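Examination of the molecular architecture
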Amino acid sequence: MPSVLRCGNRSLALARPLIMGIVNVTPDSFSDGGLYAGKNSAVTHARALLDEGADILDIGGESTRPGAASVSPDEERRRVLPVIEALADCGATVSVDTQKPEIMKDAIAAGASMVNDVNALLAPGALEIVAPSGVAICLMHKRGDPRTMQDDPRYDDVVGEVRSFLAERVAAVRAAGIGAERIVIDPGFGFGKTLEHNLVLLQRLAEFTGLGVAVLAGLSRKSTLGRITGRGTGLRVHAGVAAALIAVQNGASIIRTHDVAATRDALAVWNAVRQAR
Ligand code: HH2
């Protein structure tokens, strides 16, 4: 496993788990849709997440929740680019959460130093934009698209199938010249997976670290946590922190979360215990 994550010309040490704070500049995201849909509210929220301890800010302009409608490139550009520019200008490490090659290109030009692609750079042209740019890339597994992905997903062996997909994608991006220090993989909790699939993936997350790149886990406020606790999206902070602790215990290097302060404190305790002599 690399000791750093290389994001353009900056390196983030992986000696402790990193926190990726979520900023959805959307009207329809599943837990915070509409709250930060304008530039000013999104930038203010992102700065608050930095103060709470976020290491990376993940800026998204298109919801991927089950049933979400797709957004035109012009609209996605209008949502995310001003926010990315403002945050990069103030020195933050900014990731763009997009599947569209043209948005990746413009976001990198606006200062993003990471691309978070739930489609694992499979769109034509995406790899060609990211490879020479030097930015970090998160490759996520999903099954189907948001409109259909929760319609009875089935696997014979969910961990094996997700792992071999990610192994293939890592090999493809490495062949295009992207070094291991720039690559992050993510099993994609909730993307074409049932509750049981998500639980098994979290239980056996350590099996993904064998691919030799950093592992990201994103369970924040997701319906899996709602199914277990019976709580609505805004009341899943404690459950999300528990899931984050299990993920880092099982080898995750990056936690993607809406709830940065709570996650930061929990990970600080985990890290202190791990380092005690
Ligand atoms: N989950 C969401 C979006 N992007 N990216 C990665 N790498 N991993 C994830 O688990 C992941 C992701 C969905 O969460 P959110 O952004 O809060 O909601 P929405 O897609 O409705 O905007």
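You'll find the structure just up there.
What you see is a predicted model; the values in this text were computed from it and never measured. Within every chain, residues take consecutive numbers counted from 1 along the sequence as written. Under the rules for a predicted model, residues below a pLDDT of 70 receive no local features and side-chain atom pairs below 80 are neither given nor counted, while totals for whole chains, interfaces and linings still include all residues. Side-chain measures were taken over the full set of non-hydrogen atoms in the model, leaving aside hydrogen atoms and water.

**A few points about the site of the ligand**
In the region of the ligand, 17 residues are neighbours, and S29, S63, T64, D186 and K222 sit closest. Within the side chain of S29, one N or O atom sits 2.5 Å away from an oxygen atom of the ligand. A 3.5 Å cut-off defines polar contacts: any pair of N or O atoms within that distance qualifies, except that in protein one atom must be a possible hydrogen donor and the other a possible acceptor, and neighbouring residues in sequence count only when both atoms are side-chain atoms. Measuring from a nitrogen atom of the ligand, one finds a side-chain N or O atom of N116 at 2.8 Å. Residue burial considers only the protein chains on display, and all accessible areas are found by Shrake-Rupley using a 1.4 Å probe. Burial of the ligand by the protein chains amounts to 98% of its free accessible area of 480 Å². Residues are called lining when one of their atoms sits within 4 Å of a cavity or pocket point, these points coming from a 1 Å grid over the protein atoms alone, where a cavity is a set in which a 1.4 Å probe fits but cannot get out and a pocket is an open set with protein on both sides within 12 Å along at least five of seven lines. For this analysis, a molecule is said to be in a pocket or cavity if more than half of its atoms are within 2 Å of the grid points defining it. Cavity membership is defined here by more than half of the atoms lying within 2 Å of grid points; on that basis the ligand lies in the largest pocket. Of the residues contributing to the shell around the ligand, the split by class is 5 nonpolar, 7 polar and 5 charged. Neighbouring residues are identified by heavy atoms, a residue being near a molecule or strand if any of them is within 4 Å of it. Asp, Glu, Lys and Arg are counted as charged, while Ala, Val, Leu, Ile, Met, Phe, Trp, Tyr, Cys and Pro are counted as nonpolar; the rest, among them Gly, fall into the polar class.

**What to know about empty space enclosed by the protein**
Grid points are joined across faces, edges and corners, and a volume is the space filled by probe spheres set on the points. Scanning the model with the defined rule gives 2 cavities of 30 Å³ or more in all. Put simply, the largest cavity is a space of about 90 Å³. Around the largest cavity sit 14 residues that line it, and L219, S220, G240, A244 and I255 are the ones nearest its centre. Residue assignment for the lining of the largest cavity shows that the elements contributing at least two residues are helix 9 (237-249) and strand 10 (254-257). Think of it this way: any DSSP run of H or I at least four residues long counts as a helix, any run of E at least two long counts as a strand, and we number them from the N terminus. Considering every element that reaches the lining of the largest cavity, the biggest residue donor is helix 9, with 6 residues. Along the lines of polarity and charge, the residues of the lining of the largest cavity split into 8 nonpolar, 4 polar and 2 charged. Every residue lining the second largest cavity is listed: E62, T64, E76, D97, T98, Q99 and V118. For the lining of the second largest cavity, the per-class residue count stands at 1 nonpolar, 3 polar and 3 charged.

**Section: the layout of surface pockets**
A water-sized probe rolled over the atoms picks out the places where empty space is left. What the largest pocket holds in volume is close to 540 Å³. Every residue lining the largest pocket is counted, 33 residues in all, and those nearest its centre are F30, T64, R65, F191 and K222. Every element with two or more residues in the lining of the largest pocket is listed here: strand 3 (18-24), helix 6 (195-203) and helix 8 (223-229). For the lining of the largest pocket, the residue count by class is 9 nonpolar, 16 polar and 8 charged. For the second largest pocket, the calculated volume is near 150 Å³. If you trace the second largest pocket, you find it lined by E62, S63, T64, A68, A69, S70, Q99, K100, K142, D145, P146 and R147. Of the residues contributing to the lining of the second largest pocket, the split by class is 3 nonpolar, 4 polar and 5 charged.

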